[in-house]
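Below are the chains, spelled out letter by letter.
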Amino acid sequence: GIILICLKTEMVDSQYYLPNDIGISALDCREAFRLLSPKEQMYAHYLSRASWYGGLIVLIQTSPESANIYVLLQKMFRAQAPQQLETAATAAGLSAEEYQAFLVYAAGLYANMGNYKSFGDTKFIPNLPKFKALVWESLAFKQSPGDMEALWGCCCESLYSLEDKLKQLGLGEKGISAYFSGNCCLEDAEFAQKFLDSKNLSAYNTRLFKTEIDGKQCYEVRLASAEKGEYTEQFKSICCGKHEFEDAVFSVKRGDYAFLMEKVCQNLEKAKDCAANDNQKRMLEEYIRSFTCGSVEAHKEGSRYWIKDKGPIVESYIGFIESYRDPFGSRGEFEGFVAVVNKAMSARFAQLVSSAEDLLPELPWPPAFEKDRFLKPDFTSLDVLTFAGSGIPAGINIPNYDDIRQTEGFKNVSLGNVLAVAYATQKDKLTFLEENDKDLYIKWKGPSFEVQVGLHELLGHGSGKLFVQDDKGKFNFDQTAVRNPETGELISSWYKGSETWDSKFSTIASSYEECRAECVGLYLCLNKEVLSIFGNEGEDAEEVVYVNWLNMVRAGLLGLEFYTPESKSWRQAHMQARFVILRVLLEAGEGLVGLKECTGADGRPDAVITLDRSKTYTVGKSAIQSFLCKLQVHKSTADVEGGRALYEGYSAVTADGTHNFLRLRETVLLRKEARKMFVQANTKIKGSCLLVEYEGSAAGLIQSFVERFPDDAEKVEAQLLEMTCMDSSCWC
């Protein structure tokens with residue numbers, strides 16, 4: 001009994017450390033950058049500068065202490081490179097393993113832009129007890145002992161704290177979120193959303209802070225902008241100032257992250273001079289207006305020009321984009337990327353776009369539930385030069401504004417150099433598969449994932465209609481004729497006025513939509529035409545289908561790592577989605593998916609998941625077809641109650657039933673592999689624009705960040721500390 005208890009304690013503790021052997025790979029974009037013209041290189045450089053400055057906002061958005069830890073590390077590594085600091089580490093009594101743990105922690109903080117994992121939202125802490133000794137022994141401390149001691153005092157406690165509420169991002173008692181002051185709960189988020197909807201204000205670029213004055217609830221809504229003050233003539237619609245709303249007072253203020261927003265705008269201005277066409281210039285002008293004034297409407301206008309900029313050699317997008325990490329699901333994390341087109345792979349995606357109008361009718365919902373017209377998007381494969389934010393995805397479908405996606409279009413991108421290194425798998429680290437599946441999985445995972453990403457982004461996120469009644473009472477569907485395919489009754493619910501998918505479905509919106517897109521990928525990868533587009537014919541095509549479905553059910557099991565039993569909450573949208581799909585396919589029965597617990601060769605708990613490939617096209621297809629139709633109907637009709645019941649039902653992680661998922665979760669944690677980190681290049685101007693590359697290691701990742709802000713590092717760090725200090729009382 002004692003041995004088992006100790007094992008479990010060790011397992012729980014270890015999930016909050018980054019392992020010393022974590023995979024770290026450099027993103028190779030040398031050839032793509034070399035092929036750019038000098039003007040294109042300058043354009044990419046200034047967009048990258050804007051992205052990196054904006055990316056620092058994520059520190060402020062992630063946790064109260066992230067910026068302090070970042071500045072502490074930056075000061076240490078600016079004074080001594082990782083190799084030089086090792087001498088100080090030895091003097092401080094650190095072993096080689098402990099110093100490596102320190103480097104891995106620092107690399108992890110930079111890669112995630114905070115001390116919570118970008119994929120899973122779990123806190124990670126240093127795997128060494130002698131952090132303070134190293135700080136005191138460092139050259140940075142010897143040069144400025146007072147400043148370094150003060151910095152250490154600001155973050156030393158939170159650096160290691162694994163108090164229940166601090167173990168993961170969340171709202172109220174479920175976790176910590178810097179999008180909200182510490183006294184906010186889910187009810188506050190819902191109430192604030194009602195206020196924002198009443199003023200037709202988007203939550204994307206906001207944070208919410210609550211106080212109580214004379215017994216009255218007072219909320220401060222902060223808009224991200226370079227300008228402070230109430231408003232400009234141009235943006236009176238932002239409605240800054242105080243507003244009585246129901247029994248509370250709301251104060252809308254601009255100027256959140258003002259210093260960083262100004263730096264973003266300055267670099268976008270310089271990029272504008274290198275733009276290739278008028279669409280790019282107008283796009284950047286609108287982004288600058290948005291980031292200067294705090295207007296999401298201006299960002300939407302910029303996104304419209306971005307959509308019109310077809311087939312650029314240098315592709316980019318920047319702003320408050322994805323809402324995965326807002327516990328309420330409405331506020332966007334800052335993100336900026338710059339990438340160069342991979343022409344060979346893009347040709348395949350272009351072919352998929354050309355086939356889209358033939359493939360959309362294959363989806364399992366009536367024609368009335370599909371967009372009136374498919375707006376053919378750009379779909380390109382890109383090699384990433386810069387991706388600033390908390391993490392790097394494999395593919396993207398943007399913009400996330402429903403009204404634009406529904407009527408004006410969107411773009412899809414697949415990030416080729418990310419795919420090339422992110423999903424390389426070693427056989428000895430491949431868990432939960434039978435031996436005879438492992439070689440197939442390793443051989444075909446890349447090609448199958450390429451197909452899945454393409455279908456997920458283009459026909460997953462790009463499909464389906466939202467039924468809307470606008471402010472003038474006009475419907476975008478025939479409410480006297482369109483029927484719910486699940487009930488046969490006329491449509492009785494829809495989106496009204498300023499309601500959006502995110503504002504209606506809030507906490508489940510991101511994961512639900514990812515699940516819908518994943519299901520579209522599974523469903524349409526069974527189509528021979530799709531497989532042929534990606535160069536997969538005959539037996540090869542069958543292997544791609546098998547490994548794609550096998551990867552999905554395995555991912556569903558791995559998803560249990562991202563579930564927190566104490567709060568009964570999921571911390572990662574995609575992994576919740578994949579667990580839901582696993583549940584759906586297990587429920588289909590008939591031996592389609594097998595999941596059994598066992599004992600591994602090492603004597604520890606293990607599990608094996610299997611897929612009967614002979615039933616994929618029958619039992620599997622039927623199960624996904626039925627589930628996908630339900631997902632779309634609830635989404636189209638704004639049926640929050642029905643959608644929640646369906647999705648949260650399949651998301652439940654319990655110990656009863658055919659499978660003990662709570663016990664399986666412990667097995668998954670026991671055998672989990674840490675997610676890879678990426679080292680990105682820098683660009684600099686020395687007469688011409690130069691690319692500066694780094695090795696794929698913790699030291700290389702650290703050095704890339706030390707050199708990222710060469711001209712004004714100290715000023716940037718001072719501003720980050722000032723922003724953090726200003727709000728320090730909000731999380732007490």
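Residue numbering note: each chain is counted from 1, following its sequence as written. With the structure being a predicted model, the display of local features is reserved for residues of pLDDT at least 70 and the display and counting of side-chain atom pairs for 80 or more, all residues being used for whole-chain, interface and lining totals. Note that water and hydrogens are dropped before the side-chain values are worked out from all heavy atoms of the structure.

A.B. asks: Is there a simple way to think about the overall build of the chain in this case?
C.D. replies: The numbering of helices and of strands both runs from the N terminus, where a helix is a DSSP run of H or I of at least 4 residues and a strand a run of E of at least 2. Assigned secondary structure in the chain consists of 27 helices and 19 strands. We compute the radius of gyration over the C-alpha atoms and compare it with the globule rule, which gives 2.2 Å times the number of residues raised to the power 0.38. At 25 Å, the chain has a C-alpha radius of gyration in line with the 27 Å of a compact globule built from 732 residues. Structurally, the chain occupies a C-alpha span of about 70 × 70 × 60 Å along its principal axes. Within the chain, the fraction of its 732 residues that count as buried is 61%. Contacts are assigned to residue pairs with any non-hydrogen atoms lying within 4.5 Å of each other. Taking the intrachain contacts of the chain between residues at least 6 apart in sequence as the baseline, contacts between residues at least 24 apart amount to 75%. Values of accessible area rely on a 1.4 Å probe in the Shrake-Rupley scheme; residue burial ignores everything except the protein chains shown. In the form shown here, the chain has an accessible surface area of approximately 28600 Å², with 49% of it arising from carbon and sulfur atoms. Buried means the residue's accessible area, taken with a 1.4 Å probe over protein chains only, is under 20% of the maximum for its type, while exposed means over 50%, and partly exposed covers the values in between.

A.B. asks: Would you take a moment to explain the packing of aromatic side chains for this structure?
C.D. replies: What characterises a pair of aromatic rings is the spacing of the ring centres plus the angle enclosed by the ring planes. Aromatic pairing here means that ring centres of Phe, Tyr or Trp (its six-membered ring) are within 6.5 Å. Orientation follows from the plane angle: under 30 degrees is stacked, over 60 is edge-to-face, and everything else is tilted. Inspection of every chain in the model, using the stated rule, returns 44 aromatic pairs. On the basis of an interplanar angle of 80 degrees and a centroid distance of 6.0 Å, the ring pair of F245 and F250 is categorised as edge-to-face. For the pair F245 and F250, one class covers both residues: buried. Between F349 and F379 the ring centres are 4.3 Å apart and the planes differ by 10 degrees, which places this aromatic pair in the stacked class.

A.B. asks: How should I be thinking about the UniProt feature "active site" (unreviewed entry) in the chain in this particular structure?
C.D. replies: UniProt positions are given in the numbering used here, feature names are shortened, and annotations may be inferred rather than shown by experiment. With numbering matched to this structure, UniProt assigns "active site" (unreviewed entry) to E457. For E457, the position within the fold is in helix α18 (residues 435-460). Setting aside anything within four residues of it in sequence, one finds E457 in contact with F379, G395, I396, N397, N412 and G462.

A.B. asks: Which parts of the structure should I look at to understand helix α27 (residues 713-726)?
C.D. replies: For an α-helix, the turn length of 3.6 residues means that residues three or four places apart are oriented alike. One less than the residue count of a helix, multiplied by 1.5 Å, gives the span that helix is expected to have. Taking 1.5 Å of rise per residue, the 14 residues of α27 would be expected to cover 20 Å, and the 20 Å separating its terminal C-alpha atoms lies within 8% of that figure. Considered for burial, the residues of α27 that qualify are A713, V716, E717, L720, M723 and T724. Viewed along the axis of α27, the buried residues span an arc of 125 degrees, placing them on a single side of the element. Along α27, the residues that are exposed and aim more than 90 degrees away from the buried face are E714, K715, E722, C725 and M726. On the buried face of α27, the contacting elements are α3 (38-55), α4 (57-62), α5 (66-79) and α12 (258-272). Think of it as the arc spanned by the lines of direction from the helix axis to the C-beta atoms.

A.B. asks: Whenever I open this one, the packing of helix α22 (residues 573-588) against helix α24 (residues 640-651) confuses me. Can you help?
C.D. replies: When two helices pack together, their arrangement is given by the angle between their axes and by how far apart the axes lie. Look at α22 against α24: their axes get within 8 Å of each other, and the N-to-C directions meet at 85 degrees. In terms of orientation, α22 lies roughly perpendicular with respect to α24. In this structure, α22 uses Q576, A577, F579, V580, R583, V584 and E587 to contact α24, whose residues at the interface are Y647, G649, Y650 and S651. Split by residue class, the contact of α22 with α24 holds 6 nonpolar, 3 polar and 2 charged. Axis definition: a line fitted to C-alpha atoms, over the contacting stretch in the case of helices. Angles run 0 to 180 degrees between N-to-C directions. The cut-offs work like this: below 35 degrees is roughly parallel, past 145 is roughly antiparallel, 65 to 115 is roughly perpendicular, and the gaps in between are oblique. Polar here means any residue outside two lists: the nonpolar Ala, Val, Leu, Ile, Met, Phe, Trp, Tyr, Cys and Pro, and the charged Asp, Glu, Lys and Arg; Gly therefore counts as polar.

A.B. asks: Please clarify how the pairing of strand β15 (residues 593-599) should be interpreted in this entry.
C.D. replies: In regular strands, side chains alternate between the two faces of the sheet. For two strands to count as paired, DSSP must find a minimum of two bridges between them. Across 7 bridges, β15 lies against strand β16 (residues 605-611) in antiparallel orientation. Within the sheet, the bridge partner assigned to G594 lies in β16 and is T610. The turn linking β15 back onto β16 is made up of 5 residues, and G603 within it adopts a positive phi angle of 85 degrees.

A.B. asks: Whenever I open this one, the side chain of Q168 confuses me. Can you help?
C.D. replies: Take Q168: it is sitting in the loop between α10 (145-160) and α11 (186-198). Taking relative accessible area as the criterion, Q168 reaches 7% and is therefore assigned buried. In the analysis that follows, any N or O atom pair within 3.5 Å is treated as a polar contact, provided that within protein one partner can donate a hydrogen and the other can accept it, and provided that, for residues neighboring in sequence, both atoms belong to side chains. Among the polar contacts listed, one links the side chain of Q168 to the backbone oxygen of D164, at a separation of 3.4 Å. Separated by 2.9 Å, the side chain of Q168 and the backbone oxygen of K174 make a polar contact. Once residues lying within four places of it in the same chain are set aside, the contact partners of Q168 are Y116, D121, T122, K174, G175, I176, T564 and R571.

A.B. asks: What am I meant to see in the pattern of salt bridges here?
C.D. replies: Any two side chains of opposite charge can pair if their charged atoms end up close together. Salt bridges are defined as contacts in which a side-chain nitrogen from Lys or Arg sits within 4 Å of a carboxyl oxygen from Asp or Glu. Enumeration over the complete set of coordinates arrives at 46 salt bridges. One salt bridge in this structure joins K300 and E297, with 3.7 Å as the shortest N-O distance. Of this pair, K300 and E297 are both found in helix α14 (residues 296-308), 3 residues apart, which corresponds to roughly one turn of the helix. The exposure class assigned to K300 is buried, which follows from its relative accessible area of 11%. For E450, the salt bridge goes to R348, with nearest N and O atoms at 3.0 Å. With a gap of 102 residues between them, E450 in helix α18 and R348 in helix α15 (residues 343-359) connect regions that are remote in the sequence. Relative accessible area serves as the criterion here: at 15%, E450 is assigned to the buried category. The partly exposed category is assigned to R348, whose relative accessible area is 32%. A single salt-bridge network, built from bridges that share partners, covers R207, E220, R222, K253, D256 and D727.

A.B. asks: Explain the pairing of strand β10 (residues 411-415) to me, please; I cannot follow it from the model alone.
C.D. replies: Burial within β10 is extensive, with 5 of its 5 residues counted as buried. Going residue by residue along β10, you find K411, V413 and L415 tucked away on one face and N412 and S414 tucked away on the opposite face as well. Looking at chain direction, strand β9 (residues 395-398) and β10 are connected through 4 bridges and run antiparallel. Following the sheet pairing, G395 is matched in β10 by S414.

A.B. asks: Explain the UniProt feature "binding site: Zn(2+)" (unreviewed entry) in the chain to me, please; I cannot follow it from the model alone.
C.D. replies: Mapped onto this numbering, the UniProt entry gives "binding site: Zn(2+)" (unreviewed entry) at H456, H461 and E514. Taking the farthest pair of C-alpha atoms as the criterion, the annotated set spanning 59 residues converges on one region, since that pair is 8.3 Å apart. Here H461 is to be found in the loop between α18 and β11 (468-469). Discounting residues that sit within four places of it in the chain, H461 has contacts with N397, R405, H456, E513, E514, R516 and A517. By the secondary structure assignment, E514 is in helix α19 (residues 501-524). When neighbours within four sequence positions are excluded, E514 is seen to be in contact with Y324, H456, H461, A573, H574 and A577. Within the local environment of E514, its side chain forms a polar contact with the side chain of H461, the two groups lying 3.4 Å apart.

A.B. asks: Would you mind showing me how to read the layout of surface pockets here?
C.D. replies: Leftover empty space is mapped by rolling, across the atoms, a probe with the size of a water molecule. Every definition here rests on a 1 Å grid over the protein atoms only: cavities are sets of points where a 1.4 Å probe fits but cannot get out, pockets are open sets enclosed by protein on both sides within 12 Å along at least five of seven lines, and lining residues have some atom within 4 Å of a point. Grid points are joined across faces, edges and corners, and a volume is the space filled by probe spheres set on the points. As a volume, the second largest pocket reaches approximately 1100 Å³. Around the second largest pocket, the lining is made up of 45 residues, and of these K300, D403, S498, E499 and T500 lie nearest the centre. Listed by contribution, the elements that provide at least two residues to the lining of the second largest pocket are α11, α14, α16 (402-407) and α19. Residue classes in the lining of the second largest pocket are distributed as 13 nonpolar, 16 polar and 16 charged.

A.B. asks: In this structure, what is going on with the sheet that holds strand β4 (residues 241-245)? I would like to understand it.
C.D. replies: Whether parallel or antiparallel, the strands of a sheet pair through hydrogen bonds between backbone atoms. The 4 strands are arranged β2-β3-β5-β4 in an open sheet whose pairing can be described as mixed. Strand pairing shows two members of the sheet lacking a second neighbour, β2 (206-213) and β4, which therefore form its edges. Each strand of the sheet is rotated relative to its neighbour by a mean of 25 degrees, with strand direction disregarded.

A.B. asks: Help me understand α19 in this model?
C.D. replies: Spanning 24 residues, α19 covers only 24 Å between terminal C-alpha atoms, well under the ideal 34 Å at 1.5 Å per step. Its axis deflected by about 95 degrees at T507, α19 carries its strongest bend there. Among the 24 residues in α19, 22 count as buried, and that is most of the element. A residue's bend is given by the angle between axes fitted to the 7 residues ending at it and the 7 residues starting at it.

A.B. asks: What exactly am I supposed to notice about the nonpolar core here?
C.D. replies: What tends to happen in soluble globular proteins is that the nonpolar side chains get buried as a cluster. Core analysis: the largest hydrophobic core is formed by 115 residues, its most contacted members being Y70, F77, F102 and L720. For this core, the element with the most residues is helix α7 (residues 96-112), which contributes 9 residues. Sequence-distant contacts of L720, that is, excluding residues within four places in its chain, are made with L56, L59, I60, A67, Y70, V71 and L260. Counting 89 residues, the second-largest nonpolar core is a separate cluster that includes V353, L433, W494 and M552. What is meant by a nonpolar core is a set of buried Ala, Val, Leu, Ile, Met, Phe, Trp, Tyr and Cys residues, joined one to another through side-chain atoms within 4.5 Å.

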